[in-house]
Amino acid sequence: MLKNFLRDHHFKIFLGAPIIFLIVMNVSNDPQSGNFFRLHASKNSFVRVGEQVDVTLTFQTASPVNAVGGTITFTPNIIEVASITRATSMIDLWSEEPSYANLGGTIQFSGGMLGDKSTEKISGDVFTASLSMMKEGVGYVSLANAQLLANNGMGTNITSGQNALTFYVRKSGTASPD
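Here's what I pulled together on the structure shown here.

### Quick word on unusual backbone geometry
Piece 1. Positioned with a positive phi, Asn-145 is a non-glycine residue whose angle comes to about 55°.
Piece 2. Position of Asn-145 relative to the elements: it lies in strand β9 (residues 137–150).

This is the structure:
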């Protein structure tokens, strides 16, 4: 009976076994999986010249971290930072408070968390930047040198991902395509 089953289904077994193996390996308990930054925009991607968009940098961890850091880059001839607020931030101690350089198109930040926040899996805001759309074109906002540093005594960077934003800036009075 088993012999007949294997003879009739050998092709399915031959293809299915590696697929199941890869699925099982991807759902592992890798300490880096699930440790990521996200950029969230208050508006959709289609904006007008003169509009402001609030972009909030958030993070989520699958393992304890005690420090975060990085550089947000943006298209400087299209987008300009108007202000930065830390009102909803999970960061307790800033080694480098969020600061921006509109000419260079960067926002730098680095900080840490104290107490229970650094010993648990957490998610929350880092800061919110109000971005002004200066002229027509395509503007990009992304995160470079992203760091979620593990609370493991060595400060291992366990960042496993981040996203980017794209803004399609058009003239005032132009209808939105969405």
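### Remarks on the environment of Ile-158
Piece 1. Structurally, the position occupied by Ile-158 is in the loop between β9 and β10 (164–170).
Piece 2. Put simply, Ile-158 and Gln-147 are 11 residues apart on the chain and 7.3 Å apart in space, counted from C-alpha to C-alpha.

### Remarks on the side chain of Thr-159
Piece 1. Relative to the helices and strands, Thr-159 is located in the loop between β9 and β10.
Piece 2. At 2.8 Å, the side chain of Thr-159 and the backbone nitrogen of Leu-148 are in polar contact.
Piece 3. A distance of 2.8 Å separates the side chain of Thr-159 from the side chain of Asn-157, its partner in a polar contact.

### Quick look at the pattern of salt bridges
Piece 1. Scanning the model with the defined rule gives two salt bridges in all.
Piece 2. For the salt bridge of Glu-51 with Lys-43, the shortest nitrogen-to-oxygen distance reads 2.8 Å.
Piece 3. Looking at Glu-51, the relative accessible area reads 19%, which means it is buried.

### Looking at the sheet that holds strand β6 (residues 93–101)
Piece 1. Taken together, the six strands give an open sheet; going across it, the order is β2-β10-β9-β4-β7-β6, and neighbouring strands pair in mixed fashion. Edge strands, defined here as strands with exactly one partner in the open sheet, are β2 (46–48) and β6. Across the sheet, the axes of successive neighbouring strands diverge by a mean angle of 20°, strand direction being ignored.
Piece 2. Note: β9 against β10, six bridges, orientation antiparallel. Bridge pairing links Val-141 to Leu-165 in β10.

Reading guide: rules and limits
- Residues numbered from 1 in each chain as written.
- Predicted model: local features only at pLDDT ≥ 70, side-chain atom pairs only at ≥ 80, totals over all residues.
- Heavy atoms only, no water.
- Helix = DSSP H or I, 4+ residues; strand = E, 2+ residues; numbered from the N terminus.
- Polar contact = N/O pair within 3.5 Å; in protein donor to acceptor, adjacent residues only side chain to side chain.
- Salt bridge = Lys/Arg side-chain N within 4 Å of Asp/Glu carboxyl O.
- Buried < 20%, exposed > 50% of the residue type's maximum accessible area, 1.4 Å probe, protein only.
- Pairing = 2+ DSSP bridges.
- Axes fitted to C-alpha atoms, helices over the stretch in contact; angles between N-to-C directions.

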